Amino acid sequence: MPRPGLPLVHFNDTRCGSVAELRSVILKARRLVHDHTEQDRAAAAVKTWLLAQIEKKRAASAADIVETAPHEPFALERLAA
């Protein structure tokens, strides 16, 4: 891309030898942007899946704790001194 202050036309006229080369640069830029967008989408999907797995594991652990806990409250016992 051109330096700040230089119009895009200057880049087109001085950096690209032909319209075909300019088109190639534009298409490559579009592919790069699309790839980055696809990577972000995939990363968000994996994050959502991982958070769901963590929540399932937490729920299972909480259920295990409830199942193994005594059903009656603890009885207070005096310890012999």
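Scroll up to find the structure.
A. Inspection of the overall build of the protein chain at higher detail. The helix and strand inventory of the protein chain stands at 2 helices and 0 strands. Taking all 81 residues of the protein chain together, the buried fraction comes to 4%. Carbon and sulfur atoms make up 62% of the accessible area of the protein chain, which amounts to about 7900 Å² in all.

B. The pattern of salt bridges, seen in detail. Under the defined criterion, the tally for this structure stands at 1 salt bridge. Among the ionic pairs, R41 bridges to E38, the shortest N-O distance being 2.7 Å. Residue R41 and its partner E38 are both found in helix 2 (residues 19-68); the two are separated by 3 residues, about one turn of the helix.

C. Broad picture of a nonpolar patch on the surface. A cluster of nonpolar side chains, V46, W49 and L50, forms an exposed patch at the surface whose accessible area comes to about 310 Å². Looking at the element boundaries, L50 is found in helix 2. With relative accessibility at 42%, the residue L50 sits in the partly exposed group.

Conventions adopted
- Residues numbered from 1 in each chain as written.
- Predicted model: local features only at pLDDT ≥ 70, side-chain atom pairs only at ≥ 80, totals over all residues.
- Heavy atoms only, no water.
- Helix = DSSP H or I, 4+ residues; strand = E, 2+ residues; numbered from the N terminus.
- Buried < 20%, exposed > 50% of the residue type's maximum accessible area, 1.4 Å probe, protein only.
- Areas by Shrake-Rupley, 256 points an atom, 1.4 Å probe, with all protein chains shown as cover.
- Salt bridge = Lys/Arg side-chain N within 4 Å of Asp/Glu carboxyl O.
- Patch = residues over 30% accessible without salt bridge, like charges linked within 9 Å, V, L, I, M, F, W, Y side chains within 5 Å.

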